[in-house]
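# Structural features, examined
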Amino acid sequence: MNTCIERRPTFPTGTPYLGSWIIHRPLFCVGNYEVYSVQGNSKTFLGVVIRCRTQEEAVQQKEQHLTWWQLQGKNKINILANDIRAQSGWYLFLACIMILHKIISFEDFKKSSLNQTQAESLISSLITICKLAHTHQINPVINVGTTLLVEQNSAINGIPLFVKSSSLSAERECVESIAKFVYFFTTGIDIFRLTSESDKKTAIPPASRWNKNIDKWLSSLLSSCFDPKDPQKISSFSDLQMRLNNGQDVAQTTEGIQQNQKPLEHSDLKNLKGLAKVAGMSALKELLIEEVIRPLQDPEPYKKYGLTIPNGILLYGPPGCGKTFIAKQLAEELDFYFVDLIPSEIASPYIHHSVLKIRDIFAIAEQHAPSIVFIDEFEALVPARSALGGEQQYKSEEVNEFLIHLNECASKNIFVIAATNEPDKIDEAIKRTGRFDKMIYVEPPDLEARIQLLEMYLSGRPLGKVDIDNIASLLEGYSCSDIHNITNEAARLALKEEKPIDNTHLEKAIRRNPSSLSPDILLKYKKFQQRGI
C-alpha cells in the first residue's frame, strides 16, 4: 500500500493495537484517515483508524464502514476486531482487517505499471464496486492511498477502504475518480493532486505516452472521464462499461448545420503522428530530424566522429506559433518515456521543497531512460539570477539544481525540451553551449503551414467557394492561434447569414482581426535569433 504520511500518525511504531496486535509501521496518514501495518501471531494485517470530533460521528463511521466491508464479502475482507476510543481530544474508530488476496504495494509499480489487461480489469472491478455502493447508498472513497490494489487469478482489482459520511456522490464524480485512479497506476501521475494544485488548468497527456503497454483507445477512454473539455465526457457507470467493452471510442454525433461531405485535401493532420502532424514548417522539421532525432535514435555514428549527444533544445518564439505543440510532437516522434515538468507544479511555500521536486523529476526520468523532460514556460523555472530581488533569491537555488541535472542529461539518456516566449528572461548559464545545444526559433507559420492550417480548421464545416491559397497569403504574420480564430470568426459570420463559409466571410474576418504579432514583437525575436539557429 502507498506510504503517504502528511501528518503525525496517532499510533507510533510498537504501540499495542486493539489488544492482540502491535503497530508495525504507518502506511497512510492523510486528513482523518489512517492505515497501519499491524502484526500479531506472525501475520500482518491492516489497522484502520478514522478520527472523529464527536462520539456520534465515530458511531456513524463505524456503522458505515462495517457495512461497507461486509458488503465486499468474507472472500475479500475479513473484519477481525473493531472499537471506538477517546484519545487526545478525538473519538477514534479503530478496526483490524485482513485482505484475503495478495495486496499489491505501490512500490511494485515503481519499475513497471499496469498493462492493458490489468488496467481493464481494475476499471471493471471499480465499476462493479461503485454500483454496489450506490445500490446501498454508500459513497466509496476512490483515491490514491485510500483504495487497495489486490491480485486475484492474475487480475488486478480494487477495494476502497473508506466511505464518506457525506451525501452520495454523483455517478460522474465516481467515474472521474475511477479514471484518475487507474491513470495513476498506468503513468505514476497523481491527478488528484495535480488538478487541485493547478486549478484544473493542466492538460493531461495520454497515458499511452508514459506506458507503452496501454493502447491509445484506453488512454482516450480515461481522458474522456476526467477531461471537462472532452465532448464525449463519460458521466455514468453504464457509459464507462459500454466504452470499456467496445474497446474503442463511440463516434461523436453532431447536430445543427449539416457538415460538408467533401473534406478539404490534406485535412487529415489530426490522424497523423509525430512531426508529420505539424503543419508545414518543412525547414524546421528537417532541422529537428537532423539535429535531434537522428543523434538520439542512432548515436553511434555521431560518437564515432567525436560528436556528443545533445542534452536538450530550447524552442523560443512569439506566443501562439506552436512551440508547445511542436515539442510534444517531437516527443511523440522519439517515442521516449515522457515527463512533463510544469513550473507552477513544483512551486512550494517551503524552503528547499522545490529543489527536491526537481531532483525527483529527473530521478524518475533517469529510471525510465531513454526519456524526455518537457518544460513549458521555461523562463518561470530558470529566471535570470541577476534580475532576482532579495525576496526571490530562493529561485537561485532552483536554477542551480536544474543546471546540475542538465549537465548530466546526455550521459543518463535524458533529453530536455524547453519552450518559452521570453528567451531573454532565462538565466545566461542555462543558454550556454553544452547545456542547451540548440536554441531554435519557431517563427509564425509559413505559407505551406498556413494553407494546411486553413484546410484543417475548415475541414468538416459547410463550405462554399474558398480560395485557400489566396486566403493563406493574406494571413502572413499571423500566428497559428490567430488563424484558428479567423476560421471561427468566418464560421460565425456564415452561420449568421445561414450560408456556407466562403471567401467573403474569411476576408471579412481577417479585416476584423489583425495579427496579434506586432512588428516590434517579431523584431525582438529576430534579434535574439542570432544566438540560436
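Here the residue index of a chain counts from 1 through its sequence in written order. The predicted origin of the model limits local features to residues at a pLDDT of at least 70 and limits the giving and counting of side-chain atom pairs to 80 or more, whereas totals for whole chains, interfaces and linings rest on all residues. The side-chain values count all of the structure's non-hydrogen atoms but skip hydrogen atoms and water molecules.

### Considering helix H1 (residues 55-72)
Secondary structure elements are defined from DSSP: runs of H or I of at least 4 residues count as helices, runs of E of at least 2 residues count as strands, and each element is numbered from the N terminus. Working rule for helices: expected span equals 1.5 Å times residues minus one. Compared with the 26 Å implied by 1.5 Å per residue over 18 residues, the 26 Å span of H1 between its first and last C-alpha is a close match. The buried label goes to any residue with under 20% of its type's maximum accessible area, the exposed label to any with over 50%, and the partly exposed label to all in between, with areas taken from a 1.4 Å probe on protein chains only. What H1 keeps buried is the set Ala-58, Gln-61, His-65, Leu-66, Trp-68, Trp-69 and Gln-72. Angular distribution of buried residues about the axis of H1 spans 160 degrees; they occupy a single face of the element. When the buried face of H1 is taken as reference, the exposed residues oriented beyond 90 degrees from it are Glu-56, Glu-63 and Gln-70. Trailing H1 by a residue or two, Gly-73 shows a phi angle of about 90 degrees, which is positive. Note that the arc is defined by the directions from the helix axis to the C-beta atoms.

### Concerning helix H16 (residues 447-458)
Over its 12 residues, H16 runs 16 Å from end to end, which matches the ideal 16 Å to within 8%, given 1.5 Å per residue. Among the 12 residues in H16, 10 count as buried, and that is most of the element. All of the buried residues along H16 are Ala-449, Arg-450, Ile-451, Gln-452, Leu-453, Leu-454, Glu-455, Met-456, Tyr-457 and Leu-458. Looking at the buried positions of H16, the neighbouring elements they touch are helix H17 (468-474), helix H18 (480-497) and helix H19 (503-512). Gly-460, located one to two residues past H16, shows a positive phi value of around 85 degrees. The criterion used for residue contact is that any of the two residues' heavy atoms lie within 4.5 Å.

### Some remarks on the pattern of salt bridges
The rule for a salt bridge is simple: a side-chain nitrogen of Lys or Arg has to be within 4 Å of a carboxyl oxygen of Asp or Glu. Overall, the coordinates contain 13 salt bridges when judged by the stated rule. Ionic pairing is found between Glu-151 and Lys-102, a salt bridge with its closest N-O pair at 4.0 Å. Of this pair, Glu-151 sits in strand S10 (residues 147-152) while Lys-102 sits in strand S8 (residues 102-103); the two residues are 49 residues apart in sequence, bridging distant segments of the chain. The salt bridge involving Glu-489 is made with Arg-512; its shortest N-O contact spans 3.1 Å. With Glu-489 in helix H18 and Arg-512 in helix H19, this residue pair connects regions lying 23 residues apart in the sequence. Assessed through its relative accessible area of 15%, Glu-489 is described here as buried. When its relative accessible area of 47% is taken as the criterion, Arg-512 is described as partly exposed.

### Topic: the environment of Val-399
Checked against the element boundaries, Val-399 lands in helix H14 (residues 394-407). With 44 residues separating them along the chain, Val-399 and Val-355 place their C-alpha atoms 8.8 Å apart. Residues in contact with Val-399, not counting those within four places in the same chain, are Leu-381, Val-382, Pro-383, Arg-385 and Asp-427.

### What about the sheet that holds strand S11 (residues 155-160)?
Read from one edge of the open sheet, 3 strands run S8-S10-S11, paired in antiparallel fashion. Every interior strand has two partners, whereas the edge strands, S8 and S11, have only one. Pairing between two strands is assigned when DSSP locates at least 2 bridges connecting them. The sheet contact formed by S10 and S11 spans 6 bridges and is antiparallel. The residue of S11 that forms the bridge with Leu-148 is Ile-159.

Everything listed here is a matter of geometry and, on its own, says nothing about what the molecule does.
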